[in-house]
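Here is what each chain is made of, one letter per residue.
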Amino acid sequence: MIGRFFILIFLWVSLIQTARALSFNTVVIDPGHGGKDGGCAWNGLVEKKLCLDTALRLERMLKAKGLRVIMTRRSDIFIGLEGRARLANRYSKAVFVSIHFNASKIRSRSGMEVFYRSAKGKVLAASILRKMDNNLKGVNRGVSHNNFKVLTDTLMPAVLIECAYLSNLTEARRCASSAHRQELAESIAAGILAAKS
Ligand SMILES: [Zn+2]
């Protein structure tokens, strides 16, 4: 009777772990903006450049861990949001990670946040933000549901990361440092890997 009880507990725990982990071997990395679309520009920084730099660092890290990585862009070119989702949807067993930096007219506003749309996207968002919060300075603004086009149009677990506020001088100075962007990419990579079953 006791044995059966423990078997039930074991099955329950493994069920929860399965529900929390995602099965994938491919990561589609989507560096926000590009080309004629610079994204936000504050404190001498342009969002599209930081997105691409962080994404290329993340690409190298994930490839080193044996994952297949697809980039929606690897240079300073413009790609529409539909095009990004269409490219991602060619791949099965994939997750989608869009990288952005935020801005606000309220200059004191700061912090990191991750957006998702589906339940599986939420699992990935929470895992990434947990690692970012553990490893990086800055306010944790939490994970939130959002209907951003790249989240609604992609068929796989998808997240959009707002790494920091470029309109906030402290965060802008931090993001200007390549060492910080390396730590940022490492945290995102760790979060993606932690969500993988
Ligand atoms: Zn953006």
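Below or above, wherever it landed, is the structure these notes cover. (Residues numbered from 1 in each chain as written. Predicted model: local features only at pLDDT ≥ 70, side-chain atom pairs only at ≥ 80, totals over all residues. Heavy atoms only, no water.)

The next subject is the coordination of the zinc ion. On the protein side, the zinc ion has His33 (NE2), Glu47 (OE) and His100 (ND1) as donor atoms, found 2.1 to 2.2 Å from it. Donor residues for the zinc ion sit on one chain with the sequence pattern H-x13-E-x52-H. With His33 in the loop between strand S1 (26-31) and strand S2 (41-42) and His100 in strand S5 (residues 94-102), this pair connects stretches of sequence that are 67 residues apart. By relative accessible area, His33 is classed as buried at 17%. (Donors = N, O, S within 2.8 Å, 3.2 Å for Na, K, Ca; no water. Helix = DSSP H or I, 4+ residues; strand = E, 2+ residues; numbered from the N terminus. Buried < 20%, exposed > 50% of the residue type's maximum accessible area, 1.4 Å probe, protein only.)

Throughout the structure, instances matching the rule amount to one cavity of 30 Å³ or more. Volume-wise, the largest cavity comes out at about 70 Å³. If you trace the largest cavity, you find it lined by Gly111, Met112, Leu136, Lys137, Gly138, Cys163, Ala164, Glu171, Arg174, Cys175, His180 and Leu184. Secondary-structure elements contributing two or more residues to the lining of the largest cavity are strand S8 (158-165), helix H6 (169-175) and helix H7 (178-194). Ranked by residue count, the leading element in the lining of the largest cavity is H6, at three residues. (1 Å grid on protein atoms, 1.4 Å probe; cavity = no way out; pocket = protein on both sides within 12 Å on 5 of 7 lines; lining within 4 Å. Points joined across faces, edges and corners; volume = space filled by probe spheres on them.)

The next point concerns the sheet that holds S5. Ordered in space as S4-S1-S5-S8-S6-S7, the six strands form an open sheet in which the pairing is mixed. One side of each edge strand has no neighbouring strand; the edge strands of this open sheet are strand S4 (68-71) and strand S7 (140-145). Strand-to-strand twist in this sheet, taken as the mean axis angle between neighbours without regard to direction, amounts to 20°. Contacts from helix H2 (residues 47-64) reach S1, S4 and S5 within the one sheet, and its direction differs from that of S5 by about 145°. With respect to the sheet, H7 is in contact with S1, S5 and S8, its orientation differing from that of S5 by roughly 150°. (Pairing = 2+ DSSP bridges. Axes fitted to C-alpha atoms, helices over the stretch in contact; angles between N-to-C directions. Contact = heavy atoms within 4.5 Å.)

Let's shift gears to the pattern of salt bridges. Counting across every chain of the model gives nine salt bridges. With a closest N to O distance of 3.4 Å, Glu113 and Arg141 form a salt bridge. Taken together, the residues span a long stretch of sequence, with Glu113 in strand S6 (residues 112-116) and Arg141 in strand S7 at a distance of 28 residues. Given a relative accessible area of 8%, Glu113 falls into the buried group. The exposure class of Arg141 is partly exposed, given its relative accessible area of 33%. Taken together, the shared-partner salt bridges in this structure form one network comprising Asp53, Arg57 and Arg181. (Salt bridge = Lys/Arg side-chain N within 4 Å of Asp/Glu carboxyl O.)

Take the packing of H2 against H7 next. Packed helices, taken two at a time, are described by the angle their axes make and the gap between the axes. Two elements in contact, H2 and H7, have axes separated by 9 Å at closest approach and are oriented at 50°. One way to sum up the angle between H2 and H7 is to call them oblique. Crossing geometry of H2 relative to H7 is assigned as right-handed. Note on element contacts: H7 touches H2 through Ser178, Arg181, Gln182, Leu184, Ala185, Glu186, Ile188, Ala189, Ile192 and Leu193, opposite Leu50, Asp53, Thr54, Arg57, Leu58, Met61 and Leu62. Residues that form the contact of H2 with H7 fall into these classes: 10 nonpolar, three polar and four charged. (Parallel < 35°, antiparallel > 145°, perpendicular 65-115°, else oblique. Left-handed = near helix turned anticlockwise from the far one by under 90°. Nonpolar A, V, L, I, M, F, W, Y, C, P; charged D, E, K, R; others polar.)

It is worth spelling out the packing of aromatic side chains at this point. Any pair of aromatic rings gets described here by the distance separating the centres and the angle formed by the planes. For the structure on display, the rule yields one aromatic pair. Aromatic side chains Phe115 and Phe148 sit 5.2 Å apart centroid to centroid with 90° between the ring planes, which places their arrangement in the edge-to-face category. One end of the pair, Phe115, is in strand S6; the other, Phe148, is in the loop between S7 and helix H5 (149-153), and 33 residues separate them in sequence. Residue Phe115 is classed as buried on the basis of its relative accessible area of 9%. (Phe/Tyr/Trp six-rings, centres within 6.5 Å; stacked < 30°, edge-to-face > 60°.)

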